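Commentary on secondary and tertiary structure
Each chain, written out:
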Amino acid sequence: MNAIQIPAVTTSRDVIVSIARLNKSFGAFHVLKDVDLDVGRGEVVVIIGASGSGKSTLIRCVNSLEMYQSGRLTVDGFNMPTEADRKIGGEKELARIRKGVGMVFQQFNLFPHMSAIDNVAIAPIRVRGRKPDEAKATALRLLERVGLRDHAHKLPSQLSGGQQQRVAIARSLAMEPHIMLFDEPTSALDPEMVGEVLDVMRELAREGMTMMIVTHEMGFAREVADRVVYIDHGRILEIGTPAEIFDRPTHERTRTFLSRVL
Ligand code: ADP
Ligand code: MG
């Protein structure tokens, strides 16, 4: 395919994710309503909101785990297909873009029969065609980066929840993503393990990784976010710096939500 750039859909170089008037329904249920959001390269955007407000659906749209019906969504300048587009094809190009988007879920989803290092190395070997020796050397460096060098040969069942989630982050990083999406990465963890996962994320932010993070960890959000997005019933009700959202929310609903979680 010729990479023809259509001006109307081309985003500026420093915007990695551009979302405009995005609408997403599950059947008759309208989940995301006219969502507008641009994420700059190196930016950390934290998404907050009540359960069921559409946070997961929004970030799942960004890597096409969910398809949207209307609006515009570009990632790395590529127009992510709508539901109707997906029926037509273009899977190859989509697959290429998705490889640049890392995702970490609440559940770690590690391969239970594989050691930590193999969990991290498997996708580079299978998907990117890396040589196993090289992929494992890289995996070991990534495990070191998340503080797990000494646990590289353990199975997931021999690791704590916090350690498993750090392996999951290393596994995402192994694909050299341009952006990382986190969907409540610490919600399934015992409280004493939350900090070690947030520390890894904090370090990624410091290194300039672009991140979209759904979390209920408001202290972390305040500290790490460049911008905080408050979603209410599928609409972005408010967006601003942590100080703007946490200290001076303009909407009553934002205040009510914050008073419940802070
Ligand atoms: P959040 O992450 O903010 O808790 P979600 O994005 O998971 O919210 O869900 C938003 C709404 O969409 C909820 O009402 C949820 O029940 C609904 N929903 C999510 N996924 C599906 C699905 N696959 N099919 C139908 N409804 C869904
Ligand atoms: Mg969710």
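The name that an unreviewed UniProt entry assigns to the protein is Amino acid ABC transporter ATP-binding protein, with the source organism given as Bradyrhizobium septentrionale. Per UniProt, the protein carries the Function (unreviewed entry) text "Involved in beta-(1-->2)glucan export. Transmembrane domains (TMD) form a pore in the inner membrane and the ATP-binding domain (NBD) is responsible for energy generation." Heading Subcellular location (unreviewed entry) of the UniProt record for the protein holds this comment: "Cell membrane".

Some remarks on unusual backbone geometry
At aspartate 34, a position not held by glycine, the phi torsion is positive, near 50 degrees. With respect to the secondary-structure elements, aspartate 34 resides in strand β2 (residues 29-40). One non-glycine residue, serine 64, lies in positive phi territory at about 65 degrees. Structurally, serine 64 can be placed in the loop between α1 (55-62) and β4 (70-75). Look at serine 64 and you get buried, because its relative accessible area is 5%.

Remarks on the site of ligand 1
Residues in close proximity to ligand 1 include Phe26, Phe29, Val31, Ala50, Ser51, Gly52, Ser53, Gly54, Lys55, Ser56 and Thr57, which together make up its full environment. Within the contact set of ligand 1, an oxygen atom lies 3.0 Å away from a backbone nitrogen or oxygen of glycine 54. Between ligand 1 and the protein, one listed contact pairs an oxygen atom with a side-chain N or O atom of lysine 55 at 2.8 Å. For ligand 1, the protein covers 60% of the area, taking 560 Å² as the surface of the free molecule. Secondary-structure elements contributing two or more residues to the shell around ligand 1 are β2 and α1. Broken down by element, the residue count for the shell around ligand 1 peaks at three residues, all from α1.

Rules used in this analysis
Counting restarts for each chain, with residues numbered from 1 along the sequence as it is written. Whichever chain is written first is A, and whichever ligand is written first is 1; the rest continue in order. Predicted model: local features are reported for residues with pLDDT of at least 70 only, side-chain atom pairs are reported and counted for 80 or more only, and whole-chain, interface and lining totals are derived from all residues. Excluded from the side-chain calculation are hydrogens and water; included are all heavy atoms of the structure. UniProt positions are given in the numbering used here, feature names are shortened, and annotations may be inferred rather than shown by experiment. Starting at the N terminus, helices and strands are each numbered in turn, a helix being any DSSP run of H or I of at least four residues and a strand any DSSP run of E of at least two. Partly exposed describes any residue whose relative accessible area lies between the buried limit of under 20% and the exposed limit of over 50%, with all areas from a 1.4 Å probe on protein chains only and scaled to the type maximum. Being near a molecule or strand, for a residue, means having at least one of its heavy atoms within 4 Å of it. Two N or O atoms form a polar contact when they lie within 3.5 Å of each other; inside protein one atom must be a possible hydrogen donor and the other a possible acceptor, and for residues adjacent in sequence the pair counts only when both atoms belong to side chains. Each accessible area is a Shrake-Rupley estimate made with a 1.4 Å probe; only the visible protein chains count as cover when residues are assessed.

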